[in-house]
Amino acid sequence: MSALGQSRLPSIARQNVQIRRPVTASIRRPQALPCCGPALAGRKRQHSSTTEIHLPSRQFLQTRRQQYVQAHAGASSAPIEPAFPEPAAPRSQLDKVADVLTTMFPVWVCLGAAIGISRPESVAWCSSGLFTGLLGFLMLSMGLTLTFEDFKKCAQNPVPIGVGYLAQYIVKPLLGYGIAKVLNLSPALATGLILVSCCPGGQSSNVATYIAHGDVALSVLMTTASTLGAIVMTPLLTKTLAGAMIAVDAKGLAVSTFQVVLVPTLVGVIANEFFHDVVKKFTAWLPLVGVAITTLLCASPCAQVATVLKAEGMSLLLPVAILHACAFTMGYYLSKGLKFNEKTARTVSIETGMQSAALGFALAQKHFSDVMVCVPAAVSVVFMALGGSALAVFWRSRPTTD
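Once a new chain begins, its residue numbering starts again from 1 and follows that chain's sequence as written. Totals for whole chains, interfaces and linings use every residue, but because this is a predicted model, local features are given only for residues with pLDDT of at least 70 and side-chain atom pairs only at 80 or more, for both listing and counting. For side-chain calculations, the full set of non-hydrogen atoms in the structure is used, while hydrogens and water are omitted.

For the protein, the count of helices and strands is 18 helices and 2 strands. Nonlocal contacts in the protein, meaning residues at least 24 apart in sequence, comprise 80% of its contacts between residues at least 6 apart. Approximately 20700 Å² of the protein is accessible, and the part contributed by carbon and sulfur atoms is 64%. Here a helix means four or more residues in a row that DSSP labels H or I, a strand means two or more in a row labelled E, and each is numbered from the N terminus. Two residues form a contact once any of their heavy atoms are found within 4.5 Å. Accessible surface area values rest on a Shrake-Rupley calculation with a 1.4 Å probe, where residue burial reflects the displayed protein chains alone.

Considering the arrangement of structural elements, one finds Gln168 in helix α7 (residues 158-182). Each residue's exposure class comes from its accessible area (1.4 Å probe, protein chains only) as a fraction of the maximum for that residue type: buried when under 20%, exposed when over 50%, partly exposed otherwise. Gln168 sits in the buried class, given a relative accessible area of 2%. Look past the residues within four positions of Gln168 in its chain and what remains in contact with it is Pro173, Ser197, Cys199, Pro200, Gly201, Ser226, Glu351, Thr352 and Gln355.

With that out of the way, let us pick up the pattern of salt bridges. When a carboxyl oxygen of Asp or Glu is within 4 Å of a side-chain nitrogen of Lys or Arg, the pair counts as a salt bridge. In this structure the tally under the stated criterion is 4 salt bridges. Glu121 serves as the salt-bridge partner of Arg119, at 3.9 Å between the closest nitrogen and oxygen. Note that Arg346 is salt-bridged to Glu342, the shortest N-O span being 2.9 Å. One end of the pair is Arg346 and the other is Glu342, both in helix α16 (residues 342-353) and 4 residues apart, which spans about a single turn. Taking the relative accessible area as the measure of exposure, Glu342 reaches 15% and is therefore buried. In the salt-bridge network here, residues are joined through shared partners; they are Lys336, Glu342 and Arg346.

Viewed as axis vectors pointing N to C, helix α13 (residues 286-304) and helix α18 (residues 375-396) meet at an angle of 140°, and their least axial separation amounts to 9 Å. Our classification of the angle between α13 and α18 gives oblique. As for the relative orientation of α13 and α18, their crossing is left-handed in sense. When α13 is examined against α18, the residues Cys298, Pro301 and Cys302 are found in contact with a partner set consisting of Ala378, Val381 and Val382. Here the contact of α13 with α18 is built from residues that sort into 6 nonpolar, no polar and no charged. Axes here refer to lines fitted to C-alpha atoms; in helices the fit is confined to the stretch in contact. Angles between the N-to-C directions go from 0 to 180 degrees. Orientation labels follow simple angle bins: below 35 degrees gives roughly parallel, above 145 gives roughly antiparallel, 65 to 115 gives roughly perpendicular, and whatever is left gives oblique. Throughout, a crossing is termed right-handed when the near helix is turned clockwise from the far one, and left-handed when it is turned anticlockwise from it by less than a right angle. Classification convention: Asp, Glu, Lys, Arg as charged; Ala, Val, Leu, Ile, Met, Phe, Trp, Tyr, Cys, Pro as nonpolar; all other residues, Gly among them, as polar.

With that out of the way, let us pick up a nonpolar patch on the surface. Taken together, Phe148, Leu266, Ile270, Phe274, Phe275, Val278 and Phe282 make up a surface patch of nonpolar side chains, about 680 Å² in accessible area. Tallying contributions element by element places helix α11 (residues 250-274) first for the nonpolar patch, with 3 residues. Its location among the elements puts Phe282 in the loop between α12 (276-279) and α13. Take Phe282: its relative accessible area is 35%, and that puts it in the partly exposed class. Exposure above 30% relative accessible area and the lack of any salt bridge qualify a residue for a patch; like charges then connect within 9 Å, and the nonpolar side chains Val, Leu, Ile, Met, Phe, Trp and Tyr within 5 Å.

Further remarks concern the side chain of Ser300. Turning to its location among the elements, Ser300 is positioned in helix α13. If sequence neighbours within four positions are ignored, Ser300 has contacts with Val123, Cys126 and Phe131.

Of note in this structure, Asn184 is not a glycine but carries a positive phi near 55°. Tracing the chain through its elements places Asn184 in the loop between α7 and α8 (187-197). Positive phi is not limited to glycine here, since Lys339 has a value of about 70°. Relative to the assigned elements, Lys339 resides in the loop between α15 (314-337) and α16. Look at Lys339 and you get exposed, because its relative accessible area is 73%.

Burial of nonpolar side chains together is a common tendency in soluble globular proteins. If you look at the biggest cluster of nonpolar residues, it comprises 46 residues, and the most contacted ones within it are Phe131, Leu135, Leu193, Leu297, Leu316, Met372 and Val375. Filtering out sequence-adjacent residues up to four positions away, Val375 remains in contact with Leu189, Val305, Val308, Leu309 and Leu316. Put simply, a nonpolar core is a bunch of buried Ala, Val, Leu, Ile, Met, Phe, Trp, Tyr and Cys residues held in one set by side-chain atoms that sit within 4.5 Å of each other. Ile211, Phe328, Ile350 and Met384 belong to the second-largest nonpolar core, a separate cluster that totals 22 residues.

What follows deals with α13. Here, expected helix span is obtained from the residue count minus one, scaled by 1.5 Å. For α13, built from 19 residues, the straight-helix expectation of 27 Å at 1.5 Å per residue is met to within 8% by its first-to-last C-alpha distance of 27 Å. The element α13 is largely enclosed, with a buried count of 15 among its 19 residues.

To continue, consider the layout of surface pockets. Points on a 1 Å grid, built from protein atoms alone, make a cavity when a 1.4 Å probe fits but cannot get out and make a pocket when they are open with protein on both sides within 12 Å along at least 5 of 7 lines; residues with an atom within 4 Å of a point are the lining residues. Grid points are joined across faces, edges and corners, and a volume is the space filled by probe spheres set on the points. Looking at the largest pocket, its volume works out to about 640 Å³. What lines the largest pocket is a set of 26 residues, and nearest its centre among them are Thr145, Asn206, Val216, Val220 and Pro287. Sorting the residues of the lining of the largest pocket by element identifies α3 (93-103), α5 (128-143), α6 (148-156), α9 (204-211), α10 (216-242) and α13 as the ones contributing at least two each. With 5 residues, α10 is the single largest residue contributor to the lining of the largest pocket. Of the residues belonging to the lining of the largest pocket, the class tally is 12 nonpolar, 9 polar and 5 charged.

Structure representation (structure tokens):
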């Protein structure tokens, strides 16, 4: 090699070879984690005047985590929490569409009510037997979202659930009875109003709670508790408060409630518990299915009492509107008075104001001969959806800090 070439070699090396020097300042070396050894401490390189930090890849971290778990599996009987949980699977486009359509449930319910009143013949095919079957399927879909662990949580978090239960079966029934007395309603209308006020929470309240930034888990538990309690409380309260006005078949109400509410719900819970891998494949669509069924369960009652609604008008709407407005308000401020946080107060309010009016209509249709007993339930389906959705949208624009 010539002298000229030898003289240029060091400069070429300096240009093409990066010289690594340890960094003694400016960046503090993080402490290594026990599950990954010194790998997480970071590797630092200095190129010219720039310092870079190169972290290990996710695949590397997962491998080291698995090695650590395997090495320490027998060291303790306590479960080892993974240091790096798996990321949630990306949601499909169909799931996102289902979410959008579900949050629009007040639109579908109002549309169903409008069709039922203006064109009752279009939903005349939804007879009493099919109506009861759809209501049972609605309860089944709610049961498919629950597990036995959810029932254990009822015992672990009893205060909010207990307050919601008392609001459902003490505050609102007395409210319905008081409105019927103050407005001097006929015995049939008063009985229908009391029957609606004694019904459990509806599945649509869970959707409204989700929109309102409430506590969805608490909403589901409150709906579950009130649904189970309906077997006894709905016929007992209806008989107690309305028995002097009109003949009430408490035993028949209890049997029907058991068949329509408890049995489908328990079947859903058992299916979810033992066939969870199958159920979870369509769980994301259950709320949308519930909204679709609720829309039909709204259109059918309105169609069956359309003639009465058109003839009587405001005299039938006013008692139900007052009932729901007072229930929403009292549920919220009762929670605030008990120092519940904002999310819990919203949840209790929605659960108190939104009840299964479809169940009330099914019971009224089966156990009372006077069609006027069915009217408050039919009207309640619409006002429940309108009031709950309006409140949910109002609260959605005001996020909580809880």
